[in-house]
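Structural overview for review
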Amino acid sequence: FMVELLEASDIMKKATSKSLVIMDELGRGTSTHDGTAIAYASLKSLVEDINCFTLFVTHYQLICNIENEIHQKVGNYHMSFMEEGEQNVAFMYRLVKGSASRSFGLNVAALAQLPGPVIKQAAVKSKELETKVEEAIQTHAEDLARRVMNLGQGQAVSQTDLQVLVADAKALLGAKRD
């Protein structure tokens, strides 16, 4: 991971607006949160500060939201696929606009012929983690709705209160897309 970051650092120090930068899966050697944050900040710096043409390959779905922030400079693309149910996926090896609708890690694990019991256990764990995230999003949405409903109930609403609510709503919308 240190080597990866040293290489990324070197790239960002040497890149100019005339550079073509290709980064593949930056941030995978650490926690999801740190990896996403490193990938996000690096991509944003390459696009906004250095202003170079960048091909940035990532499995972090949250990074796709950067297109909404810098839509005139960033576009999401993915390799197309065809699905026949949840188990059968054919990868088409054709680049198409937009982010992928979901992860296909378990499908690739099957293509790589990991043992069936391992894939089944991974599918159960993946669903468990997905459920936990959905529950957290639901709890956050309920809290946000409660806070909105309580706005102005006999008291003045500050601009800061509104800004916090808007920021929370945007974060929640971003989380629901992922």
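Check the entry above for the structure.
Residues numbered from 1 in each chain as written. Predicted model: local features only at pLDDT ≥ 70, side-chain atom pairs only at ≥ 80, totals over all residues. Heavy atoms only, no water.

A word on the pairing of strand β2 (residues 53–57)
The alternating pattern of β2 places T54 and F56 on a buried face and F53, L55 and V57 on a face that is not buried. As defined by bridge partners, strand β1 (residues 20–24) adjoins β2 across five bridges and the pair is classed as parallel. Its bridge partner being in β2, L20 is matched across the sheet by F53. A crossover connection joins β1 to the parallel β2 through helix α2 (residues 32–50); in handedness this β-α-β unit is right-handed. (Buried < 20%, exposed > 50% of the residue type's maximum accessible area, 1.4 Å probe, protein only. Helix = DSSP H or I, 4+ residues; strand = E, 2+ residues; numbered from the N terminus. Pairing = 2+ DSSP bridges. Right-handed = clockwise from strand over helix to strand, strands pointing away.)

Things to note about helix α5 (residues 116–149)
Between its first and last C-alpha atoms α5 spans 49 Å; for 34 residues at 1.5 Å apiece the expected length is 50 Å, and the two agree. Of all the residues in α5, the buried ones are I119, I137, A141 and L144. (Expected span 1.5 Å × (residues − 1).)

Some points on the environment of A109
The topology assignment puts A109 in helix α4 (residues 105–111). Owing to a relative accessible area of 13%, A109 belongs among the buried residues under this scheme. Along the backbone, A109 and I119 are ten residues apart, and their C-alpha atoms lie at a distance of 7.0 Å.

Here's the deal with unusual backbone geometry
For Y93, which is not glycine, the phi dihedral falls at a positive 55°. With respect to the secondary-structure elements, Y93 resides in strand β4 (residues 88–97). Even without being a glycine, Q113 presents a positive backbone phi close to 65°. Residue classification places Q113 among the exposed residues on the basis of a relative accessible area of 67%.

Let's talk about the pattern of salt bridges
Applying the stated rule across the entire model yields six salt bridges. The residue D10 makes a salt bridge to K14 at a minimum N-O spacing of 3.4 Å. One end of the pair, D10, and the other, K14, are both in helix α1 (residues 2–14), four residues apart, so they sit about a helical turn from each other. Salt-bridge contacts for E130 lead to K127; the nearest nitrogen and oxygen are separated by 3.9 Å. A residue pair is termed a helical-turn pair when its members lie 3 or 4 positions apart in one helix, as E130 and K127 do in helix α5 at three residues. (Salt bridge = Lys/Arg side-chain N within 4 Å of Asp/Glu carboxyl O.)

Focus on the nonpolar core
Ranked by size, the top nonpolar core spans 17 residues in total, and within it V21, M23, L43, L46, F56 and I63 carry the most contacts. Ranked by the residues each element gives to this core, the list is headed by α2, at five residues. In this structure F56 touches M23, L26, A39, L43 and I63, once residues within four positions along its chain are discounted. (Core = buried A, V, L, I, M, F, W, Y, C linked by side-chain atoms within 4.5 Å. Contact = heavy atoms within 4.5 Å.)

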